[in-house]
Structure formats: C-alpha cells, structure tokens
Amino acid sequence: FIIHTSQTSVPRSHCCCATQISIGGIDINDDFGMQLHVNLQKMRDDLLSNPSKLKPIKQQHESNDVDDEELSPDALVQETLLSSRLPLKLNRTRVADSNLPDAGRGLFATQDIAKGELITCYPGDALLCEYKEDITDEEELFQDDESEVILWGDHVDSNDIVEDDEVFDGTDDTSAPLVSYAATVNDVYSVMGMPSLDYDPAYYGHFANDGGGHIALEGVDEAMGVEEMLALYVEKSIEVANARHVPLGGYGGLHLGTVAIKDIKKGDEILVTYGPEYWMDLNF
Ligand SMILES: C[S@@+](CC[C@H](N)C(=O)[O-])C[C@H]1O[C@@H](n2cnc3c(N)ncnc32)[C@H](O)[C@@H]1O
C-alpha cells in the first residue's frame, strides 16, 4: 500500500529568481519551496562530481547483490538525496491526534499556509526501489521482470533497521508495516517515512492522513459494492484534501514535498489523497 502522488515533474524554470514553478500541475509560489527545488539540483551536481559521497548507498546495493548495471551515478545520486533528511528550517506543522475517527496521529498547520506553499517534506527514511530488469531471454518474459530493493537512509539508527519481511508485513497485529507509510515518487522509487522519527517538522509528510480514508476502511463491511465505495471515497477524499505530495528537484524527483493545494488556516488538519489502490491493498 503506497500513497500515490502526481507522477510528472515539469519544472518551468531552474532559476532562483523565478517567481513561480509548476510541478505536477501545482504552482509552487513560495521562496522556500523554490529554493529547495533549486538547491536539490545543486546538491545533485555536487554529488555527481564527488562519487565518494555515494558510498553508503553503493554499499547497500552491494549487500543486496544488485547488478552493477543498475548502479548508474544518476540513480545513486537520486537514491542518496531521496533517502536523506536535509537540515531545513521548515517549521509550519505539528503532529497531534487526528480529527478523523480512528486515524491515529495527523498533521496540523501551526500557521496560515497559502495555496502553492511547501508545507513539509516527505522523509525517505527507507526507499522502496522497483527496478525493471531487461528481458533478454524469451523464457524470462513469463517470469517476474521486477526486482525490489529496500535502501535505508544514512540517518536511520542501525537498531531501527528491520528485515524486508517486517517492512511489508509489520511485526504483529498492532504495528503497521512501513509500506503503509510509503508514497510514490516515480515509477521506480517510493519513499517510506518512519512514524517513530517524529522530531523534525521539515519532514512530517508521512503524518498527513487521507480525509476520505475512513469511507474506504468502513465501506467493505457495508452492502454497497467495492466500486461504489471507491467512487464515494475518491469524491470525499478529493473534496477535503488541502495538500498533495509532489516530487521536487527535477530529474524524476530528488525529494517529495507536501504542497498546499488550497489556502490553509492555522490549526487545520493537513489532508492528502492516497488513492484507491492504497486502501484496496490495506483492506484485502
Ligand atoms: C501515512 S500514515 C498517516 C499517519 C498515521 N495516522 C499515524 O498515526 O502515524 C497512513 C495511515 O494513517 C491511517 N489513516 C489515514 N487516513 C485515515 C482515515 N481517514 N481514517 C482512518 N485511518 C486513516 C491509516 O492507518 C493509514 O494506514
């Protein structure tokens, strides 16, 4: 179950002095969002010219036995930046009990936030990578052509790193699997934020709930069919959503940012749309 985001990243300008950029159909209009977008591109250039800085991700690839072919410098840089928590002074939210029934914690604005402003970032404490393999043999056409790898951010304490099985299944009935905190960046990468890492308002995107989620959760027990329930869910979720996760930095996304799609008042709960697939995976 992965939160689906807008897939396209189309920067209109790479220049710091631009007044607005459009990313995934959203106009980002605040200095912080634009500076982060541009700084990510600078960090990318710096990492490309200093390959030794990519060592931690490279080592994880080696221990995962991933083909050398997949270790292109571009991919390693993208993975390094997606799985980093940068020291950002972005403090517009707090985490508290959600207003939604039985939704656990949620994300709340601590100041008015205008449409188009960056609210927070989505942490890539762990990255879920789905590499497409080249099919060379006809027989292989009928086999699984995807390899899945989990990469951990350098900032994650080694005691918090868990086996892949636990990422997908959780530990027991009470702990949610880490994949329920995953959001897509592009066709290859999804970022997973750890709920225990709740110390930095610059990286609170994984605490945003889905304002229609309870319909998807309750709907399966009722007389209505799955399709009708999902349609109701989509309608409600889109109606109340005031934010969206969007890839920043270009190059297929170097960070996932949570951006306001409506004007938000101080104290409002920040809500996004996860998409029907997320809830289908959770329910069935
Ligand atoms: C990305 S996490 C959001 C943060 C989470 N609420 C927490 O306490 O850590 C996604 C999970 O939040 C819960 N959730 C989100 N929206 C919900 C809703 N409308 N109703 C019930 N639970 C919801 C579900 O458990 C879902 O798997």
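Higher on the page you've got the structure.
Every chain begins its residue count from 1, and numbering advances along the sequence as written. Only residues with pLDDT of 70 or above have their local features reported here, since the model is predicted, and side-chain atom pairs are shown and tallied only from 80 upward, although totals for entire chains, interfaces and linings are computed over all residues. Note that water and hydrogens are dropped before the side-chain values are worked out from all heavy atoms of the structure.

Asker: I'd like to hear about helix α6 (residues 226–240), residue by residue, with values.
Answerer: For the purposes of this entry, the term helix denotes a DSSP run of H or I that reaches at least four residues, the term strand denotes a run of E that reaches at least two, and both are numbered from the N terminus. Multiply 1.5 Å by the residue count of a helix minus one, and that product is the helix's expected span. Here α6 contains 15 residues, and its C-alpha end-to-end distance of 21 Å stays within 8% of the 21 Å for a straight helix at 1.5 Å per residue. Among all positions of α6, only M229, L230, Y233 and S237 are buried. Buried positions in α6, seen along its axis, are confined to an arc of 95° and lie on one side of it. Along α6, the residues that are exposed and aim more than 90 degrees away from the buried face are E227, E228, E235, I238 and E239. Summary of the burial criterion: residues with accessible area below 20% of their type's maximum are buried, those above 50% are exposed, and those between are partly exposed, where the area comes from a 1.4 Å probe applied to protein chains only. Note: the arc covers the axis-to-C-beta directions of the helix.

Asker: Before we move on, can you summarise the site of the ligand with the specific residues and values?
Answerer: By nearness alone, 20 residues border the ligand, and A103, R105, Y181, D210 and Y278 come closest of all. Whenever a nitrogen or oxygen atom comes within 3.5 Å of another N or O atom, the pair is scored as a polar contact, on the condition that within protein one atom can donate a hydrogen and the other can accept it, and that pairs from neighbouring residues in sequence are kept only if both atoms are in side chains. Between A103 and the ligand, the recorded distance is 2.6 Å, taken from a backbone N or O atom to a nitrogen atom. A distance of 3.3 Å is found between a nitrogen atom of the ligand and a backbone nitrogen or oxygen belonging to G213. Counting residues per element, the shell around the ligand draws most heavily on helix α5 (residues 213–219), at three residues. Looking at the shell around the ligand, its residues break down into 11 nonpolar, six polar and three charged. In this text, near means that some heavy atom of the residue lies within 4 Å of the molecule or strand in question. Residue polarity follows a fixed list, in which Ala, Val, Leu, Ile, Met, Phe, Trp, Tyr, Cys and Pro are nonpolar, Asp, Glu, Lys and Arg are charged, and the others, Gly among them, are polar.

Asker: I'd love a proper account of the sheet that holds strand β12 (residues 243–248), names of residues and values included.
Answerer: Read from one edge to the other, the open sheet built from three strands follows the order β6-β13-β12, with strand pairing classed as antiparallel. The open sheet is flanked by β6 (118–122) and β12, the only strands paired with a single partner. Within the sheet, the average angular offset between the axes of one strand and its neighbour, ignoring direction, is 30°. Pairing geometry for β6 and strand β13 (residues 255–260), over four bridges, is antiparallel. Along β13, the bridge assignment pairs L118 with V259. The strands touched by helix α1 (residues 31–49) are β6, β12 and β13; relative to β6, the strand with the most contacts, the crossing angle is about 35°. Should DSSP find at least two bridges between two strands, the strands are taken to pair. Note on definitions: angles span 0 to 180 degrees between N-to-C directions of axes, and those axes are lines fitted to C-alpha atoms, for helices only across the stretch in contact. We call two residues in contact whenever any of their non-hydrogen atoms come within 4.5 Å of each other.

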